[in-house]
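Structural overview for review
What follows is the residue order along each chain.
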Amino acid sequence: MNDRVREDTARRLERAMGSLGTAAMARMDDRLPWYRALSAEDRSWVGLVAQAGIAAFVEWFQNAGGGRPAPSIEIFGTAPRELKRSVSLQQTVDLVRVVVEVVEAEVGDLAAPGGEEQLRNAMLRYTRDVAFAAAQVYAREAEVRGAWDARLEALIVDALVRGEVDDGLHSWAAALGWTSSPVVVLAGYAPDADPQTVIDGMRDKGRRLGQDLLAGVQGDRLIVIVGGADSIKDAARHVVPRFGAGPVVIGPEVPDLHAAARSARAATAGLRAAAGWPDAPRPVLAEDLLAERAIDGDDDARAQLIENVYKPLEGTPLLDTLATYLEQGTSLEATARLLFVHPNTVRYRLKKITELTGYQPTEGRSAFTLQVGLILGRLSRTVVT
């Protein structure tokens, strides 16, 4: 008896498939604002998914007697991958709910006499399987997208560290949703914990703070690119504790991702040279490691020291005053005697040196940086014959 009722109901369902699909589309248009906002092409694909779901239910109902469990249903395979990015999992659940409501509303007409409860129970079992199918599809898409995003992120970080910046870099970053500026690059050592877990934690924290973040592990180094922070201090606050032991160097702030290669170059050069200043703070600015970077062979640091230290003093008494002051162990009186000037004149000149270079000769770290800058400036003026 039940088999005959099922067969009769199945025939009724088969005849009603077209009208059910039309009714489902009409109800989606009426009930779901996100559906109305889709492009015509995407709405057409959503309609095909709904039709495929109804057709799959009818086919299953025809062959699912004897209490057999519902098979795995891949009705979402009819949709292109782009649609799965346009329609979220929650919206897919809304779509399934609308289709179920349409079918349930017609149970009285669709079911053979005495088959109403059988049809309702079948719908419940079927929609449960559809829910699992949707979750599986979106989970697979998330895995694929996650793996692709990770590869793309690694390419961006590698390109910036190598200085290989072109228009494609912005396209890659846009694909990851990067919109932030200014940008700061930090370099340090990778933690002992799983690096990807650490990076995901940094990214989640940054997102809550309204910042974009890209990161990559290169050998034992961890490179982090932060965008949208209000200041370098804000950029470093939640990132620095996630690095492994050892120095963390912050490159200069730059206006956008395209200019971030300069910040990355300074940060990585600073990380290489940080061993030259064992007592450096953590984090330390790459700018504060100019002398160590220059000694380590960083051409950018050498050029910057020549430009900022030597050239402003070149051709003035300030250059001789600084050289003498440093050679005399920062002794004011000894410098004054050798230059045949009053100590107050030396004080005045040292003050002018600070104003012109930003470095204070009477302070230990600044004096060291000024000394390196002077040596580099002299070497740059040496002509090999």
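Below you will find a few notes about this structure. (Residues numbered from 1 in each chain as written. Predicted model: local features only at pLDDT ≥ 70, side-chain atom pairs only at ≥ 80, totals over all residues. Heavy atoms only, no water.)

1. So, the pattern of salt bridges
Under the defined criterion, the tally for this structure stands at 10 salt bridges. Close ionic contact of E307 with K311 constitutes a salt bridge, the shortest N to O distance being 3.3 Å. Within this pair, E307 and its partner K311 are both found in helix 13 (residues 299–313), separated by 4 residues, close to a single helical turn. Residue class for K311 comes out partly exposed when judged on its relative accessible area of 38%. (Salt bridge = Lys/Arg side-chain N within 4 Å of Asp/Glu carboxyl O. Helix = DSSP H or I, 4+ residues; strand = E, 2+ residues; numbered from the N terminus. Buried < 20%, exposed > 50% of the residue type's maximum accessible area, 1.4 Å probe, protein only.)

2. Section: the pairing of strand 2 (residues 212–218)
Among the 7 residues in strand 2, 6 count as buried, and that is most of the element. Turn length for the strand 2-strand 3 (residues 221–227) hairpin, with the two strands adjacent in sequence and antiparallel, is 2 residues, and the turn residue G219 shows positive phi of about 65°. (Pairing = 2+ DSSP bridges.)

3. As for the side chain of R293
Here R293 lies in helix 12 (residues 290–295). Accessibility expressed as a relative area gives 3% for R293, which makes it buried. For R293, the side chain forms a polar contact with the main-chain oxygen of A286, separated by 2.9 Å. R293 has contacts with A266, A269, G270, A273, A286, E287, D298, D300 and A301, leaving out every residue within four places of it along the chain. (Polar contact = N/O pair within 3.5 Å; in protein donor to acceptor, adjacent residues only side chain to side chain. Contact = heavy atoms within 4.5 Å.)

4. So, the packing of aromatic side chains
Taken as a whole and judged by the stated rule, the model has 1 aromatic pair. The aromatic ring of W277 is capped on one face by R365, whose charged end is 3.6 Å from the ring centroid. (Phe/Tyr/Trp six-rings, centres within 6.5 Å; stacked < 30°, edge-to-face > 60°. Lys NZ or Arg CZ within 6 Å of the ring centre and 35° of its normal.)

5. Overview of helix 16 (residues 343–357)
Taking 1.5 Å per residue as the helical rise, helix 16 with its 15 residues ought to reach 21 Å, and the 21 Å between its terminal C-alpha atoms agrees with that figure. Within helix 16, burial applies to V346, R349, L350, I353 and T357. Along helix 16, the residues classed as buried sweep out an arc of 105° about the axis, all on the same side. Seen from the open side of helix 16, the exposed residues pointing more than 90 degrees away from its buried face are Y348, K351 and E355. Contact partners of the buried residues in helix 16: helix 13, helix 14 (317–327), helix 15 (332–339) and helix 17 (364–380). Once helix 16 ends, the next one or two residues include G358, with phi positive near 85°. (Expected span 1.5 Å × (residues − 1). Arc of directions from axis to C-beta.)

6. A look at the sheet that holds strand 5 (residues 284–285)
Backbone hydrogen bonds are what pair the strands of a sheet, in a parallel or an antiparallel way. In spatial order, the strands read 2-3-1-4-5; together these 5 strands make up an open sheet with mixed pairing. The sheet terminates laterally at strand 2 and strand 5, the two strands that pair on one side only. In terms of strand pairing, strand 1 (residues 183–189) meets strand 4 (residues 249–250) through 2 bridges, oriented antiparallel. Bridge assignment links L186 to a residue of strand 4, and that residue is I250. Taken strand by strand, helix 9 (residues 195–208) contacts strand 2 and strand 3, and its axis lies near 165° from that of strand 2. Packing against the sheet, helix 11 (residues 260–273) makes contact with strand 1, strand 3 and strand 4, and its axis sits at approximately 25° to strand 1. (Axes fitted to C-alpha atoms, helices over the stretch in contact; angles between N-to-C directions.)

7. Let's talk about the packing of helix 14 against helix 15
Remark: helix 14 packs on helix 15, axes separated minimally by 9 Å, with the N-to-C direction vectors making an angle of 130°. Relative to helix 15, the element helix 14 lies oblique. Of the two possible hands of crossing, helix 14 and helix 15 adopt the one that is right-handed. Residues T321, T324 and Y325 of helix 14 form the contact with helix 15, whose participating residues are L332, T335, L338 and L339. Of the residues in the contact of helix 14 with helix 15, the class split is 4 nonpolar, 3 polar and no charged. (Parallel < 35°, antiparallel > 145°, perpendicular 65-115°, else oblique. Left-handed = near helix turned anticlockwise from the far one by under 90°. Nonpolar A, V, L, I, M, F, W, Y, C, P; charged D, E, K, R; others polar.)

8. Description of the packing of helix 14 against helix 16
In contact at an axis separation of 10 Å, helix 14 and helix 16 are set at 105° when each is read in the N-to-C sense. Here helix 14 lies roughly perpendicular to helix 16, going by the angle between them. Facing helix 14, whose interface residues are P317, L318, T321, L322 and Y325, helix 16 presents V346, R349, L350, K352, I353 and L356. Taken together, the residues of the contact of helix 14 with helix 16 break down into 8 nonpolar, 1 polar and 2 charged.

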